[in-house]
Amino acid sequence: MENPNKKKFAWLIKNFSSLPSDKLYSAPVLISGFYWDLFTYPKGYKGGESLVVSLAVTDGQSLPSEWARYVKFRLTIVNQLSHELSIHRETNIWFDHKAPGWGLSGMLPFPKLHDKDGGFLVNDELKIVAEIEALEVIGTLDESKDLHEKTSSSVKESMDVNGFQVLPSQVESVRGIFERHPDIAVEFRAKNQHLRTACMNFLLSLSEMFTKSLQELSNDDLVEADVALTYLNNAGFKVDWLEKSLDQVKRT
């Protein structure tokens, strides 16, 4: 049986050196009752000269204040030409309401990262592997029966569209997306229904965003759209049609 307090997962960042976003997020992963994600700064953190990769509890500030996790965090920046040259870092650290995130800095200087023969960026793709194990767990979502009841109620009210649980008000929009783009989720592999729903909500929000007039979209909206598209790409969605829409908006 899979240990719910331990997980190993890979994060492949495509078009790393050409992405306009200052901060990138991986897809969230369920560990020890909470969702976690990695994030990094492709252009450097506050002028830093090396890659910083951080681990954080997703929406950690919104969780009850008594939660805490003592975590073993092992991170690997993969050298795609020689695994022996991959860079590893490991630490044990507490995460809690006041400190829901922790970063590992100085692992890989940017000149070494961008060296065309270095092996870390191959076809402009960066691969990061994280191994996370919760050694001590304080506070769980199971302690909140109200949350569980609300979640159960929501699931009962939802409807299935191509394997995604969506609200009745979203059914027509989701069906329309699959009719226009039938292969959009062919490579999407997440099995957790809550994660599948979160990704679909991301997709619906982006689709709705591009129905607005150009005057309604700010520069911050465009940056956030870039981040969301990267997230959906990494999760396995085929969203080239949304990427084209974003490019058209930027050119106008």
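The model shown is predicted, which means the values in this text are computed figures rather than measured ones.

**A look at the overall build of the chain**
So, point 1. When helices and strands are tallied, the chain shows six helices and eleven strands.
So, point 2. Here the chain, with 252 residues, has 42% of them falling under the buried criterion.
So, point 3. Of the contacts made within the chain by residues no fewer than 6 positions apart, 65% connect residues no fewer than 24 positions apart.
So, point 4. Counting only carbon and sulfur atoms, one obtains 49% of the accessible surface of the chain, whose full area is about 14300 Å².

**Some details on helix α6 (residues 240-251)**
So, point 1. In this model, α6 (twelve residues) spans 17 Å end to end at C-alpha, consistent with the 16 Å of a helix rising 1.5 Å per residue.
So, point 2. Residues of α6 that are buried include every one of Trp241, Leu242, Leu246 and Val249, and no others. Down the axis of α6, the smallest arc covering the buried residues is 140°, so these residues share one side. In α6, those exposed residues whose orientation departs by more than 90 degrees from the buried face are Lys244 and Arg251.

**Details of the sheet that holds strand β6 (residues 68-77)**
So, point 1. The four strands lie next to each other as β1-β9-β6-β7, forming an open sheet whose pairing is antiparallel. Of all strands in the sheet, those bounded by a partner on one side alone are β1 (6-13) and β7 (87-96). With strand direction ignored, the average angle separating the axes of adjacent strands in the sheet is 20°.
So, point 2. Here ten bridges tie β6 to β7, and the two strands are oriented antiparallel to one another. The partner of leucine 75 across the bridge, within β7, is arginine 89.

**Concerning the layout of surface pockets**
So, point 1. Its boundaries defined by the atoms lining it, the second largest pocket holds a volume of some 300 Å³.
So, point 2. At the level of secondary structure, the elements contributing two or more residues to the lining of the second largest pocket comprise α5 (219-235) and α6.
So, point 3. Counting residues per element, the lining of the second largest pocket draws most heavily on α5, which supplies five residues.
So, point 4. Each residue belonging to the lining of the second largest pocket can be placed in one class, and the counts come to four nonpolar, five polar and five charged.

**Remarks on the side chain of threonine 76**
So, point 1. Note on placement: threonine 76 falls in strand β6.
So, point 2. Accessibility expressed as a relative area gives 8% for threonine 76, which makes it buried.
So, point 3. Separated by 2.9 Å, the side chains of threonine 76 and histidine 88 make a polar contact.
So, point 4. Dropping the residues within four chain positions of it, threonine 76 is found in contact with Ser86, Ile87, His88, Lys127, Ile128 and Val129.

**Considering the packing of aromatic side chains**
So, point 1. Scanning the model with the defined rule gives ten aromatic pairs in all.
So, point 2. Ring geometry for tyrosine 41 and tyrosine 45: centres 4.8 Å apart, planes at 45°, overall tilted.
So, point 3. The exposure class of tyrosine 41 is buried, given its relative accessible area of 14%.
So, point 4. The residue whose ring lies beneath lysine 23 is phenylalanine 39, and the NZ or CZ to ring-centre distance is 4.5 Å.

**Considering the confidence of the model for the chain**
So, point 1. Confidence in the prediction of the chain, expressed as mean pLDDT, is 82, and 88% of residues score 70 or more.
So, point 2. Between residues 143-156, whose pLDDT stays under 50, and residues either more than four places distant or in other chains, the model counts four contacts.

Rules and cut-offs
- Residues numbered from 1 in each chain as written.
- Predicted model: local features only at pLDDT ≥ 70, side-chain atom pairs only at ≥ 80, totals over all residues.
- Heavy atoms only, no water.
- Helix = DSSP H or I, 4+ residues; strand = E, 2+ residues; numbered from the N terminus.
- Buried < 20%, exposed > 50% of the residue type's maximum accessible area, 1.4 Å probe, protein only.
- Contact = heavy atoms within 4.5 Å.
- Areas by Shrake-Rupley, 256 points an atom, 1.4 Å probe, with all protein chains shown as cover.
- Expected span 1.5 Å × (residues − 1).
- Arc of directions from axis to C-beta.
- Pairing = 2+ DSSP bridges.
- Axes fitted to C-alpha atoms, helices over the stretch in contact; angles between N-to-C directions.
- 1 Å grid on protein atoms, 1.4 Å probe; cavity = no way out; pocket = protein on both sides within 12 Å on 5 of 7 lines; lining within 4 Å.
- Points joined across faces, edges and corners; volume = space filled by probe spheres on them.
- Nonpolar A, V, L, I, M, F, W, Y, C, P; charged D, E, K, R; others polar.
- Polar contact = N/O pair within 3.5 Å; in protein donor to acceptor, adjacent residues only side chain to side chain.
- Phe/Tyr/Trp six-rings, centres within 6.5 Å; stacked < 30°, edge-to-face > 60°.
- Lys NZ or Arg CZ within 6 Å of the ring centre and 35° of its normal.
- pLDDT = per-residue confidence, 0-100.

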